[in-house]
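Take a look at the letters that make up each chain.
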Amino acid sequence: MAGGGGLRAAVAALVLAAWGAHGLYFHIGETEKRCFIEEIPDETMVIGNYRTQLWDKQSEAFLPSTPGLGMHVEVKDPDGKVVLSRQYGSEGRFTFTSHTPGEHQICLHSNSTRMALFAGGKLRVHLDIQVGEHTNNYPEIAAKDKLTELQLRARQLLDQVEQIQKEQNYQRYREERFRMTSESTNQRVLWWSIAQTGILILTGIWQMRHLKSFFEAKKLV
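Remember, predicted model here, so these are calculated numbers, not experimental data.

1. As for the packing of helix H1 (residues 138–145) against helix H2 (residues 149–217)
Phase 1: Here H1 crosses H2 at 125°, and the two axes come no closer than 10 Å. Judged on the interaxial angle alone, H2 and H1 are oblique. As H1 packs across H2, the resulting crossing turns out to be right-handed. Contacts between H1 and H2 involve Tyr138, Ile141, Ala142 and Asp145 on the former and, on the latter, Leu152, Arg155, Gln156 and Asp159.
Phase 2: Split by residue class, the contact of H1 with H2 holds four nonpolar, one polar and three charged.

Have a look at this one:
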């Protein structure tokens, strides 16, 4: 996949079966773009936190990036509609809410206008993605709403139940789409079989009439 100005994109598709929070890090060069696929139910909040480290040739280690180095984050929904497209700094946090269930594409690439900072090196990006009820800061909620430990635990359980319901609805949505695809495929196979049978019958009739005309012309019958 190519970006503007001849950017070369190396797309890494990570399909994560479990909902929740997960962290990873990856390396990119100055012309690279990394995309991740996240399966998300509808009406679900997603929070991503990232920080970058720049490779230092002298110390031969990854050091915190300078503030001038930016990262561009773009998120697309299953229909290809851009949900989020924004430029951030060397360390940042992005948030979006899904409105369509399915695979969302999250892409990150470095700020191409300040590549002089790279000096041919590579960048390490630490990325942490939180989905659903894992995006809630429960200590902050407890302090704000003055909840007891029991009330906070009940709040957590309610949020977990709500997230489970969203996941179940998404699984039913996937099963429905799979069923519709299977029925459509079966119907096409049936009509193709009928068409093949019709073509064979018509070919046989034509061959019989052609042979009959040939034999009559030769006065063999």
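2. Some details on the side chain of Ser98
Phase 1: Its place among the elements puts Ser98 in the loop between strand S7 (91–97) and strand S8 (102–110).
Phase 2: A polar atom in the side chain of Ser98 sits 2.5 Å from the backbone oxygen of Pro41.
Phase 3: Contact partners of Ser98, with chain neighbours within four places excluded, come to Ile40, Pro41, Asp42, Glu43, Thr44 and His104.

3. As for the state of the cysteines
Phase 1: Scanning the entire structure with this criterion turns up one disulfide.
Phase 2: At a sulfur-sulfur separation of 2.0 Å, the disulfide partner of Cys35 is Cys107. Judged by the torsion about the S-S bond (110°), the Cys35/Cys107 disulfide is right-handed. Taken together, the positions of Cys35 in strand S2 (residues 33–40) and Cys107 in strand S8 put the pair 72 residues apart, joining distant regions of the chain.

Reading guide: rules and limits
Residues numbered from 1 in each chain as written. Predicted model: local features only at pLDDT ≥ 70, side-chain atom pairs only at ≥ 80, totals over all residues. Heavy atoms only, no water. Axes fitted to C-alpha atoms, helices over the stretch in contact; angles between N-to-C directions. Helix = DSSP H or I, 4+ residues; strand = E, 2+ residues; numbered from the N terminus. Parallel < 35°, antiparallel > 145°, perpendicular 65-115°, else oblique. Left-handed = near helix turned anticlockwise from the far one by under 90°. Contact = heavy atoms within 4.5 Å. Nonpolar A, V, L, I, M, F, W, Y, C, P; charged D, E, K, R; others polar. Polar contact = N/O pair within 3.5 Å; in protein donor to acceptor, adjacent residues only side chain to side chain. Disulfide = S-S within 2.5 Å.

Don't take any of this as a statement about function, it's just geometry.
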